[in-house]
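Chain by chain, the residues run as shown.
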Amino acid sequence: MPPEPDVTAYPSAEPAPAGGAQWQALLDGDTTALAQWPDDPLVSLYAPLCAGGPDRALVVGHLAQSLDGRIATASGMSRWLSGGEDLLHTHRMRAISDAVLVGVNTVLHDDPQLTVRRCLGRNPVRVVIDPERRLDGTQRVFVDDAAPTLLLVAAGRGQEGERVGHAQVVPVERGARGLDPREICRVLARRGLHRLLVEGGGITVSRFLEAGALHRLQVTVAPVILGSGRPAITLPEISDLGLSLRPRTRRMVLGDDVMIECDFETVAGAGRGAHG
Ligand SMILES: NC(=O)c1ccc[n+]([C@@H]2O[C@H](COP(=O)([O-])OP(=O)(O)OC[C@H]3O[C@@H](n4cnc5c(N)ncnc54)[C@H](OP(=O)(O)O)[C@@H]3O)[C@@H](O)[C@H]2O)c1
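Only a predicted model underlies this, so the values are computations on that prediction, with no experimental measurement involved.

Give a description of the overall build of the protein chain that names residues and reports values.
Tallying secondary structure elements over the protein chain gives eight helices and 15 strands in all. The C-alpha atoms of the protein chain give a radius of gyration of 18 Å, which matches the 19 Å a tight globule of 276 residues would have. For the C-alpha atoms alone, the extent of the protein chain along its principal axes is close to 50 × 45 × 35 Å. A separation threshold of at least 6 residues defines the contact pool for the protein chain, and within that pool the share at least 24 residues apart is 68%.

Here's what the structure looks like:
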């Protein structure tokens, strides 16, 4: 695997929307073909993110935030904080993932489709965490049949095999803080879902980060200040900067935005909650 460059301009012009040889090789996991293009920006960005499989899960979080660390207004409006390149990147992340996971608030506010529309690729399985069953089944992930949907509920709040629209209910044991993200990953792995994109919102991604269940976290920073709103990452309070997470990072320029990708598998500094 070639070294992962630190600062790169995002490859947005090609292959979207139709695809290209490099993107097709990434989708196919064709390592022989990919070896031909060690310096191609698309390949160097996405090849490490295609590495997950049955022997090794890969869980990637993604959030788009303002300069002051907000992912949405207080009322829950987040469209569109980041620009077109980040949107394309999100669709590419979906296309190379087995499953895309969001929390219940995101479904309530955005009613997202969670499908691949801006690039070539198949739709991932959609996974919604709704422990207390706040969703009423009218949202798009339950009524369209664009991809299978799993509804993760707290054990005791639903039965295995139960359905909500097209979605399948999957009870998950409660942990100390809600549903344990590591248990969620195990439940999904048993269903053959090893590459997971945790697409929001802030609470859901933060729970995965706190549990040490994220291998990578991509934060796209848009040059906008909200001054109030829903926070991106929130972790238990620390009193010493030495306890902060200082992962290895790589950076990408996405139009007017900058994406910083944290790699928690190779922790450069002291780590709290980093993936072991
Ligand atoms: N800018 C972006 O990148 C981005 C991405 C996605 C969404 N958004 C925006 O972000 C907002 C929603 O984000 P949010 O942080 O408020 O909420 P969220 O992460 O979408 O949903 C959080 C809720 O999901 C449930 N949940 C998540 N993880 C859980 C776990 N491990 N165990 C138990 N329950 C869990 C809890 O439901 P209960 O409260 O029922 O227990 C929790 O309150 C929306 O406004 C959306 O538009 C922005």
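Moving on, there is more to tell.
Provide a residue-level description of the site of the ligand, including the pertinent values.
For the ligand, the set of nearby residues contains 29 residues, the closest of which are Gly103, Asn105, Gly178, Gly200 and Gly201. Of all elements in the fold, only β2 (58-65), β3 (70-72), β4 (99-103), α5 (104-110), β10 (178-179), β11 (195-200) and α8 (202-210) reach the threshold of two or more residues within the shell around the ligand. By residue number, the principal contributor to the shell around the ligand is α5, which donates five residues. Across the shell around the ligand, the residue classes break down as twelve nonpolar, eleven polar and six charged.

Run through the pairing of β4, naming residues and quoting values.
The buried count for β4 comes to five of five residues, which makes it a mostly enclosed element. Residues Ala99, Leu101 and Gly103 line one face of β4 and the alternating positions Val100 and Val102 line the opposite face, and both faces are buried. By the bridge criterion, five bridges tie β4 to strand β5 (residues 125-129) in an arrangement that is parallel. Directly across from Val100, in β5, lies its bridge partner Arg126. For the segment spanning β4, α5 and β5, crossover handedness is right-handed. Direction of pairing for β4 relative to β11: parallel, over a ladder of four bridges. Across the sheet, Val100 pairs through a bridge with Leu197, a residue of β11.

What counts and what doesn't
Residues numbered from 1 in each chain as written. Predicted model: local features only at pLDDT ≥ 70, side-chain atom pairs only at ≥ 80, totals over all residues. Helix = DSSP H or I, 4+ residues; strand = E, 2+ residues; numbered from the N terminus. Rg over C-alpha atoms; globule rule 2.2 N^0.38 Å. Contact = placed C-beta atoms within 7 Å. Near = placed C-beta within 6 Å. Nonpolar A, V, L, I, M, F, W, Y, C, P; charged D, E, K, R; others polar. Buried ≥ 20, exposed ≤ 12 C-beta atoms within 10 Å, placed from the backbone. Pairing = 2+ DSSP bridges. Right-handed = clockwise from strand over helix to strand, strands pointing away.

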